[in-house]
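Now for the letters of each chain:
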Amino acid sequence: QVQLVESGGGLVQAGGSLTLSCAASGRTFSQYNMGWFRQAPGKEREFVAGINWNGGLVTYADSVKGRFTISRDNAKNSVYLQMDSLKPEDTAVYYCAADVLPLRLRVHQSEYDYWGQGTQVTVSS
């Protein structure tokens, strides 16, 4: 069982920055691929960014490429999402997720096994 707890959300003006954190329980965090997803009101949950088990491979949705950076610290059982140049359309609940069978870096939510409770990010114009 893996428990994920996100933090760092909040209200920020357009053009500002936020860093989200996700703390994971368990001793095998370093074996998992991790992802960030988001869900805006009335919309489907969508992939934002993913990182493989050792941080050597990352991937981003086109909508955030060049503005967001995913990273991880396996010693701290944590994954991060640095969000810069935020736009009002980035407003959503952000979730981290764990893929415990990391055969490849996945982008579909159905392929992730564990989820956090989410943290709200609101970007004002």
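All values reported here derive from a predicted model rather than from experimental measurement.

J.: Please explain the overall build of the chain as it appears in this structure.
T.: Counting its regular elements, the chain contains zero helices and 11 strands. Counting helices and strands in the order they occur from the N terminus, the chain gives β-β-β-β-β-β-β-β-β-β-β. For the chain, the C-alpha radius of gyration of 13 Å lies close to 14 Å, the compact-globule estimate for 125 residues. Among the 125 residues that make up the chain, the fraction classed as buried is 45%. At a minimum sequence separation of 6, the contacts of the chain that also span at least 24 residues come to 58%. Of the accessible surface of the chain, which amounts to about 6400 Å², a share of 48% is contributed by carbon and sulfur atoms. For the chain, the distance from the average site of its 11 positive side-chain charges to the average site of its 11 negative ones is 3 Å.

J.: How should unusual backbone geometry be read in this particular structure?
T.: A negative phi angle is the norm for most residues apart from glycine, just as the trans form is the norm for most peptide bonds. The backbone phi angle of Asn77 is positive, close to 50°, even though this residue is not glycine. By the secondary structure assignment, Asn77 is in the loop between strand S7 (68-73) and strand S8 (78-83). Relative accessible area serves as the criterion here: at 18%, Asn77 is assigned to the buried category. One non-glycine residue with positive phi stands out, namely Ser85, at about 50°. When you line up the elements, Ser85 lands in the loop between S8 and strand S9 (92-99). Judged by its relative accessible area of 41%, Ser85 is partly exposed.

J.: Any chance you could explain the side chain of Asp90 here in plain terms?
T.: With respect to the helices, strands and loops of the structure, Asp90 is situated in the loop between S8 and S9. Once residues within four sequence positions are removed from consideration, Asp90 is found in contact with Arg38, Arg67, Phe68, Ser85, Val121 and Val123.

Reading guide: rules and limits
In this numbering scheme, every chain counts its residues from 1 along its sequence in written order. Where local features are concerned, this predicted model is filtered to residues with pLDDT of at least 70; where side-chain atom pairs are given and counted, the filter is 80 or more; whole-chain, interface and lining totals use all residues. With hydrogens and water stripped out, all remaining heavy atoms of the structure feed into the side-chain values. Secondary structure counts use DSSP, requiring at least four H or I residues in a row for a helix and at least two E residues in a row for a strand, with both numbered from the N terminus. Here the radius of gyration uses the C-alpha set of atoms, whereas the globule reference equals 2.2 Å times the residue count to the power 0.38. Exposure is judged per residue with a 1.4 Å probe applied to protein chains only, and the accessible area is read against the type maximum: over 50% gives exposed, under 20% gives buried, and values in between give partly exposed. We call two residues contacting when some pair of their heavy atoms lies within 4.5 Å. Method for areas: the Shrake-Rupley scheme with a 1.4 Å probe, in which residue coverage is limited to the protein chains shown. When charges are counted, neither His nor the chain ends are considered; positive counts come from Lys and Arg and negative counts from Asp and Glu. Where a charge lies is defined by one atom per residue type: Lys uses NZ, Arg uses CZ, Asp uses CG and Glu uses CD.

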